Amino acid sequence: MGRIIGEIYDSAIDAASLPQALASVAKLVDSDYAVVALGDRHDGAIHYRVGVPDNGDASPYCDALCDASWINRVLAQEPGRLLTHSAVPGSGRIARQLNGRLRGLDFSSGVSGNFLLKKSGYGYIGFCRKQGAAGFSGEEIASLELLLPHVRQAFEINRHVQERSVLHDVVRERYEQFSTGVVLLDREGSVIFSNSWARRLFREPGGIDHVDGRLRLATPETDERLAELVAHCIRTAHMKGVKNDGYVSVSRAEHDKAPLSISVSSYASPVDARTLLPGTSCVMLLLYDVERRNTTRRYILEQLYRLTPCEAVLATGLAAGKTINELAVSQDVSRETLRSQLKRVFLKTNTNRQSDLVKLVLTGPGNLLV
């Protein structure tokens, strides 16, 4: 029994092992076929089901035992109990119909039960033996009922893990879309995650590098400053009221490129009484590359307002505080050309003045990047 309970909980974090756990339960009570299904109590839909043994020719068994009209009968009974099929009210007619689909199994002498899950979910479990075999004894049904709470709990754990996995995947995917480098360090100061833009910065000469799980900056002074900030953030992560963030500016090998700005801050998860481990902490570094951010902002403006690349460069240049004259010199174009572009930008962005355009770029949708 203990081994089977262990298999049931193993399936909570590895759904692929559920058939083996279900097969072990079926073997415990000498059942020739077993099925478990999950669904929604509101609409009665079945979202997931598995039957054993799955020998490639078992789908008729699974279909019959998971018949919607039959499951509705079972759901009307007390949850947490298993009943012989003959004891389920109104089962006679359904049993006769399903027996013809089970090809050698005796539906009439089987047992089924249900258990309720959170968020309007339900679980259904059923067992059948071959035609001519004895029905399930009271002792066997009692053994199954002892396992049923563990089956229910395993599905609850699986749902919880699935929700957290989805959240984890969404956060990681969003990090990958950032136009800012994101690096997470553990409490030992080792890198545990870096997004694609951070990894790209690691590959560029000078600036910041990733060596043997540790971050290294181009100069000893900035490298020492970063190490001090990381150590302070780790040390004070759980201390309320203590300032635990800071900034480092990093020069790059290419002198024509603006320095990288690194924001260092701590993250501490609260101690959770439901877990055995204490709350963990880590350090988040945001690597700001002005050139990358301007490129991304220009792309967003092009998509939002149908600006041409030249018009987007003009809009972001003005938002960066440059004048028409300065932009004309840097782009080697005439001021009249830029003024003509500016009129078209005003029209496309529904602005009338340069100050309105700058405000739109700095605070509007075009600035929705981290």
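The structure this text deals with has already been given above.
What comes next is a walk through the structure. Owing to the predicted nature of the structure, the values given are computational and were not obtained by experimental measurement.

### Observations regarding the nonpolar core
- Counting residues in hydrophobic clusters, the biggest one holds 28 residues, and the most contacted among them are Ile 8, Leu 82, Phe 127 and Phe 155.
- Broken down by secondary-structure element, the contributors of at least two residues to this core are helix H1 (2-13), helix H2 (18-28), strand S1 (33-40), strand S2 (46-52), strand S4 (105-116), strand S5 (121-130) and helix H6 (138-177).
- In terms of residue count, H6 provides more of this core than any other element does, 7 residues in total.
- Dropping the residues within four chain positions of it, Ile 8 is found in contact with Ala 21, Val 25, Leu 147, His 150, Val 151 and Ala 154.

### Observations regarding the environment of Thr 323
- Topologically, Thr 323 is positioned in the loop between helix H10 (309-319) and helix H11 (324-331).
- Taking relative accessible area as the criterion, Thr 323 reaches 38% and is therefore assigned partly exposed.
- Sequence-wise, Thr 323 and Phe 193 are 130 residues apart; in three dimensions their C-alpha atoms are separated by 40 Å.

### So, a nonpolar patch on the surface
- Together, Met 1, Leu 28 and Leu 146 give the surface a local cluster of nonpolar side chains, amounting to about 290 Å² of exposed area.
- Structurally, Leu 28 can be placed in helix H2.

### Quick look at the sheet that holds S1
- What the 5 strands build is an open sheet, ordered S2-S1-S5-S4-S3; its pairing is antiparallel. Only two strands of the sheet have a single partner each, and these edge strands are S2 and strand S3 (82-84). The mean angle between the axes of side-by-side strands here comes to 15°, regardless of whether they run parallel or antiparallel.
- Contacting S2, S4 and S5, helix H4 (residues 68-75) runs over the sheet at an angle of about 55° to S4.

### Some thoughts on H2
- Taken together, the buried positions of H2 are occupied by Leu 18, Ala 21, Leu 22, Ser 24, Val 25 and Ala 26.
- Summarising the contacts, the buried residues of H2 are in contact with H1, S1, S2, S5 and H6.
- Backbone geometry just downstream of H2 places Asp 30 in the positive-phi region, at approximately 55°.

Cut-offs and rules
Within each chain, residue numbers correspond to sequence positions counted from 1 in written order. Only residues with pLDDT of at least 70 are given local features in this predicted model, and only at 80 or more are side-chain atom pairs given and counted; all residues enter the totals for whole chains, interfaces and linings. Hydrogens and waters are ignored; side-chain quantities use all the structure's heavy atoms. Working definition of a nonpolar core: buried Ala, Val, Leu, Ile, Met, Phe, Trp, Tyr and Cys residues. They are joined through side-chain atoms within 4.5 Å. Using a 1.4 Å probe on the protein chains alone, a residue whose accessible area is under 20% of its type maximum counts as buried, one over 50% counts as exposed, and one in between counts as partly exposed. A run of H or I in DSSP becomes a helix once it reaches four residues, and a run of E becomes a strand once it reaches two; helices and strands are each numbered from the N terminus. Throughout, a contact is declared for two residues whenever any of their heavy atoms are within 4.5 Å. To count toward a patch, a residue needs a relative accessible area over 30% and no salt bridge; like charges are then connected within 9 Å, while nonpolar side chains (Val, Leu, Ile, Met, Phe, Trp, Tyr) are connected within 5 Å. Using a 1.4 Å probe, accessible areas were evaluated by the Shrake-Rupley method; residue-level cover was limited to the displayed protein chains. The salt bridge definition used is simple: a Lys or Arg side-chain nitrogen within 4 Å of an Asp or Glu carboxyl oxygen. The pairing criterion is simple: DSSP has to find at least two bridges between the two strands. The convention used is that axes are lines fitted to C-alpha atoms, helices contributing only their stretch in contact, and that angles between N-to-C directions extend from 0 to 180 degrees.

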